[in-house]
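One letter stands for each residue in the lines below.
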Amino acid sequence: MKRILILPNPTRPNTMPLAQRIADQLRVTGCQPLFCAELMGRFSRAEFLPLEQALEVCDLLLTVGGDGTILHNVKYAVRYGKPILGVNSGRVGYLAQVEPNEIGFLSRLASEEYGIERRMLLQIQVEGDPETYLALNDVVVSKGGLSRLVDLEILGDGQPVGSYRADGLIFATPTGSTAYSLSAGGPIVDPGIDTILMTPICPHSLYARSVLLSPQVELEVCGRYVNNLDRLVVSVDGDRVRTLECDRKVRIRRAEEAAQFVQFAEKTFNGILNVKLKSWA
């Protein structure tokens, strides 16, 4: 029997009742619903384990919430080598496969009537910092607290790629092309195409555009002027991870790991995109 770890976002309205419906649907179709021990008492007819133990024994992670919930939990899925599936209870939900009125799809999990789509991640490291970060959507290098623009220089495999005077730069995966990069004027990229998408944020130029880079390139980003009084902020999937001096390099490359997303045959990227864009037209 498959054990499905359900990870709901309790801050979203209607998410907890939806998570109970999902648990009931899984149970009657031959799967064992599993929750973190801290949620014991909030759900019935399910198994409860500490998070790390649940991640080890489960066969699949199922998030209930918006895209932010998936972004928060995909790191667990990658670390433990488990597939992840999102049920949307948020607003847009580009990353989710299933809407609240479609939980019948979950009956296919027990019989494995689904595919696995591997999506590339970015690996980020700040010069002088031993810690590395993984991004499913994007890494953003932007200005600090001051209102002026920052001057950024980008190298690819040691060769100049370009320089920008802007509020910052977004380095996105194809998955992240529908997130911040899209809001900044970048193109939508099918997640089946491996590339690193570089999009400037409010550039001080009439000609600055997004650039699609090879997934094999290793990028370095730093401030062009070491006497710039402002600092750079590095954010990964929307979370600020570092504030640093402009002369310190941020290294970005494709990660060796990949995220595994559950995909049902009817729920293609183009189909989901068409529905989501129409809903926000």
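Everything in this summary refers to the structure shown in the same document. (Residues numbered from 1 in each chain as written. Predicted model: local features only at pLDDT ≥ 70, side-chain atom pairs only at ≥ 80, totals over all residues. Heavy atoms only, no water.)

Overview of the pattern of salt bridges
Going by this rule: Here, a salt bridge means any Lys or Arg side-chain nitrogen found within 4 Å of an Asp or Glu carboxyl oxygen. Working definition: helices are DSSP H or I runs of at least four residues, strands are E runs of at least two. Numbering for both runs from the N terminus. Working definition: with a 1.4 Å probe on protein chains only, accessible area under 20% of the residue-type maximum means buried, over 50% means exposed, and in between means partly exposed.
Tallying each qualifying case throughout the model produces 15 salt bridges. Between Arg108 and Glu266 there is a salt bridge; the shortest N-O distance is 2.7 Å. With Arg108 in the loop between strand 5 (84–88) and strand 6 (115–126) and Glu266 in the loop between strand 17 (250–263) and helix 5 (269–279), the pair connects residues that are 158 residues apart, well separated along the chain. On the accessibility criterion, Glu266 (48% relative accessible area) is partly exposed. Across the pair Glu117 and Arg119 runs a salt bridge, and its minimum N-O distance is 3.1 Å. With a relative accessible area of 10%, Arg119 lands in the buried category. One continuous salt-bridge network, built from bridges that share partners, spans Asp24, Arg27 and Arg45.

Details of the packing of aromatic side chains
Stated precisely, the cut-off is as follows: Aromatic rings from Phe, Tyr and Trp, with only the six-membered ring used for Trp, were paired whenever their centres fell within 6.5 Å, and each pair was classed as stacked if the ring planes differed by under 30 degrees, edge-to-face if by over 60, and tilted otherwise. Criterion for a charge above a ring: Arg CZ or Lys NZ at most 6 Å from the ring centre, at most 35 degrees from the ring normal.
In total, this model carries three aromatic pairs according to the counting rule given. Geometrically, the ring pair formed by Phe35 and Phe43 is stacked, given 4.0 Å between the ring centres and 5° between the ring planes. The exposure class assigned to Phe35 is buried, which follows from its relative accessible area of 0%. Taken together, Phe35, Phe43 and Phe48 form an aromatic cluster joined through their ring pairs. Its guanidinium or amino end placed over the ring of Phe261, Arg119 lies 5.1 Å from that ring's centre, counting from NZ or CZ.

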